Amino acid sequence: MSRLLHPNLALKFGLALFVIVAGALAIVYFAVVPRLESRLVNAKIQELERVSPSVADRFRGANPLTRYQPLATFFSSSLNARVVVLERLQPNSRLISVADSNGLSSPGMGTDPIARRALESGGTATGRIERGGSERAEVAVPLDSTTVVLLSASLKDALANVSLVRRTLLLAGIAAL
């Protein structure tokens, strides 16, 4: 008989429990997913940054006319990253591709913000950019005042891992509710 007298209490308790569980899952989701993405992207950038000094040294010691392209191809295969040597012919002009491990330079390479920042600062520049619908981690190291070597790695695998965790958390949350 008491069950019939307090049906609203059971409904309120169930609704409160639902809100508490949903809130806890939302907190976990928003605490884990962005941090995971940031850490995976930073790990890829740091991986490129670790090898960039030795890559730059090899390019500095090479003949630009005969050795840049083979070096770009070699480092691309060993680093699983695109390697591009860009040169600025005049101040504030577009960068020209001198060597590209892809063979053909993409149209956006001449205005790459990471490569430009490295040339302007005279030091290593790093960052995350989008090119051709693909997120990329980039590290650029100046070879001299007008030439820069750019290491660019796809973030496809890292972002796929983040997407998997995102889906798993959402599905687990739905199942928990």
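In case you missed it, the structure is sitting above this.
Along every chain, residues carry numbers that run from 1 in the direction the sequence is written. Since the coordinates come from a predicted model, pLDDT governs what is reported: local features require at least 70, and pairs of side-chain atoms require 80 or more to be given and counted, while whole-chain, interface and lining totals use all residues. Side-chain calculation: all heavy atoms of the structure are included, whereas hydrogens and water are not.

**Q** Please explain unusual backbone geometry as it appears in this structure.
**A** Negative phi is the rule for most residues except glycine; trans is the rule for most peptide bonds. One non-glycine residue with positive phi stands out, namely Asn-80, at about 55 degrees. Helix and strand assignments come from DSSP, with helices taken as H or I runs of at least 4 residues and strands as E runs of at least 2, each series counted from the N terminus. When you line up the elements, Asn-80 lands in the loop between α3 (68–79) and β1 (82–88). Here's how the labels work: a residue is buried when its accessible area is under 20% of the maximum for its type, exposed when over 50%, partly exposed in between, all with a 1.4 Å probe on protein chains only. Take Asn-80: its relative accessible area is 63%, and that puts it in the exposed class.

**Q** Help me out: how do you make sense of the packing of aromatic side chains in this one?
**A** Ring geometry is summarised as follows: Phe, Tyr and Trp rings, the Trp one being its six-membered ring, pair when their centres sit within 6.5 Å, and such pairs are stacked at plane angles under 30 degrees, edge-to-face over 60 and tilted between the two. Summed over the entire model, instances satisfying the criterion amount to four aromatic pairs. For the pair Tyr-29 and Phe-30, a centre-to-centre distance of 5.1 Å together with 85 degrees between the ring planes defines the contact as edge-to-face. Note on Phe-30: relative accessible area 59%, which makes it exposed. Taken together, a centroid distance of 6.1 Å and an interplanar angle of 40 degrees make the contact between Phe-59 and Phe-75 tilted. On the criterion of sequence distance, the pair formed by Phe-59 in helix α2 (residues 7–60) and Phe-75 in helix α3 is long-range, its members being 16 residues apart. The two residues Phe-59 and Phe-75 agree in class, both being buried. Ring pairs connect the aromatic residues Phe-59, Tyr-68, Phe-74 and Phe-75, which therefore count as one cluster.

**Q** For this particular structure, what's the right way to read the nonpolar core?
**A** Across soluble globular proteins, nonpolar side chains have a tendency to be buried as a group. Only buried residues count toward a nonpolar core. Its members are Ala, Val, Leu, Ile, Met, Phe, Trp, Tyr and Cys residues joined through side-chain atoms within 4.5 Å. Grouped together as the largest cluster of nonpolar side chains are 24 residues, with contacts concentrated most on Phe-59 and Val-149. Contributing elements (two or more residues each) for this core: α2, α3, β1, β4 (134–142) and β5 (147–154). For this core, the leading source of residues is α2, giving six residues. Formed by 13 residues, the second largest nonpolar core is a distinct cluster that contains Leu-95, Met-109, Ile-114 and Leu-119.

Limitation: the analysis is restricted to geometry and does not speak to function.
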